[in-house]
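Structural overview for review
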Amino acid sequence: GTYLLTDITQLHKGLELDFQTYITPKWMLRGYGSIGDWQYDGSSPFRFREENTSEIIGTGEVELSGVKVGNAAQTSFGLGTKYNILPDLYVDVDFNFYDNLYGQVDPENVVEAALDGDVYEAEKLDSFGVVDAGLTYNFRIGAQQLKFRGNVFNLFNKEYIGRRDGFGYYYGLGTTWNASLTYSF
């Protein structure tokens, strides 16, 4: 069967801050921080539907207050730097950290916990941090302005679980890269 929950309220509170400053004319420092508290608020009626006939064969109500909302890090921060090696060539490196990440709330688990007299809690996933790096080179061919950009994401190939939902756990991407050439006219 399938559990159907309705009238669900989420309460999202938090604080975000970011900055960017030049330490020297060639060296820039940047960062951000985000601290959130995302929770379900209140109770939810539920119905249990039989799979083959779609007949409602059970009803009730579950309390969701205080259950964490899943699939997005509720705390994150990052620190990065950019350095101009030459007037048209710069490198940048960023460290990003993610914490208070919870798995998706599964309605079946919520109802089963309530029927067992337990309080449901979303599964907390491990925190993780990744390092990204990039290189940019601006140049001209005649009067035409061009820009080459290369990026490496998750530079150190950190293995981490990025989310969990009804289909299972999902690992974050390993080291990936991209390159681009931009023509401005």
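These notes cover the structure that comes with them. This structure is a prediction, so every number in the text was calculated from the model and none was measured. (Residues numbered from 1 in each chain as written. Predicted model: local features only at pLDDT ≥ 70, side-chain atom pairs only at ≥ 80, totals over all residues. Heavy atoms only, no water.)

Quick look at the sheet that holds strand β14 (residues 176-184) now. Taken in spatial order, the 7 strands make up an open sheet running β2-β3-β6-β7-β10-β11-β14, and their pairing is antiparallel. The sheet is open, and its two borders are formed by β2 (10-24) and β14, each paired with just one other strand. Neighbour to neighbour, the strand axes of the sheet diverge by 15 degrees on average, direction disregarded. (Pairing = 2+ DSSP bridges. Helix = DSSP H or I, 4+ residues; strand = E, 2+ residues; numbered from the N terminus. Axes fitted to C-alpha atoms, helices over the stretch in contact; angles between N-to-C directions.)

On to the pairing of strand β12 (residues 161-165), then. Where β12 lies against strand β13 (residues 168-171), 4 bridges are found, and the strand directions are antiparallel. Its bridge partner being in β13, Arg164 is matched across the sheet by Tyr169. Between β12 and β13, which follow one another and run antiparallel, lie 2 residues.

Let us look at the pairing of β2. Pairing between β2 and strand β3 (residues 27-40): 14 bridges, direction antiparallel. Bridge pairing links His12 to Trp38 in β3. Here β2 folds back onto β3 in antiparallel fashion, the turn holding 2 residues.

Further remarks concern the nonpolar core. Leu5, Val62, Leu64, Val67, Val105, Val110 and Tyr120 are the most contacted members of the largest nonpolar core, which totals 15 residues. For this core, the secondary structure elements donating two or more residues are β1 (2-5) and α1 (107-115). Per-element tally for this core: the top contributor is α1, with 3 residues. Residues contacting Tyr120, with those up to four places away along its chain left out, are Val67, Gln104, Val105, Asp106, Asn109, Val110, Ala113 and Arg164. Among the nonpolar cores identified, the runner-up in size contains 5 residues, and Leu101, Leu125, Val130 and Tyr160 belong to it. (Core = buried A, V, L, I, M, F, W, Y, C linked by side-chain atoms within 4.5 Å. Buried < 20%, exposed > 50% of the residue type's maximum accessible area, 1.4 Å probe, protein only. Contact = heavy atoms within 4.5 Å.)

Tracing the sequence through the fold places Asp132 in strand β10 (residues 128-141). Buried charge without a partner: Asp132 forms no salt bridge, and the closest opposite charge is Arg30, 8.7 Å away. At a separation of 3.5 Å, a polar atom in the side chain of Asp132 contacts the side chain of Asn96. Among the polar contacts listed, one links the side chain of Asp132 to the backbone nitrogen of Asn154, at a separation of 2.8 Å. What Asp132 contacts, discounting residues up to four positions off in sequence, is Asp92, Val93, Asp94, Asn96, Val152, Phe153 and Asn154. (Lys, Arg positive; Asp, Glu negative; His and termini not counted. Salt bridge = Lys/Arg side-chain N within 4 Å of Asp/Glu carboxyl O. Polar contact = N/O pair within 3.5 Å; in protein donor to acceptor, adjacent residues only side chain to side chain.)

On to the pattern of salt bridges, then. By the definition in use, this model includes 6 salt bridges. With a shortest N-O distance of 3.7 Å, Arg30 and Asp92 are connected by a salt bridge. On the criterion of sequence distance, the pair formed by Arg30 in strand β3 and Asp92 in strand β7 (residues 89-99) is long-range, its members being 62 residues apart. Judged by its relative accessible area of 6%, Asp92 is buried. A salt bridge links Asp37 to Lys68; its shortest N-O distance comes to 2.8 Å. On the criterion of sequence distance, the pair formed by Asp37 in strand β3 and Lys68 in the loop between β5 (56-63) and β6 (75-86) is long-range, its members being 31 residues apart. According to the relative accessible area criterion, Lys68 is partly exposed, its value standing at 21%. Beyond isolated ion pairs, a larger network of salt bridges with shared partners links Arg30, Asp92, Asp94 and Arg149.

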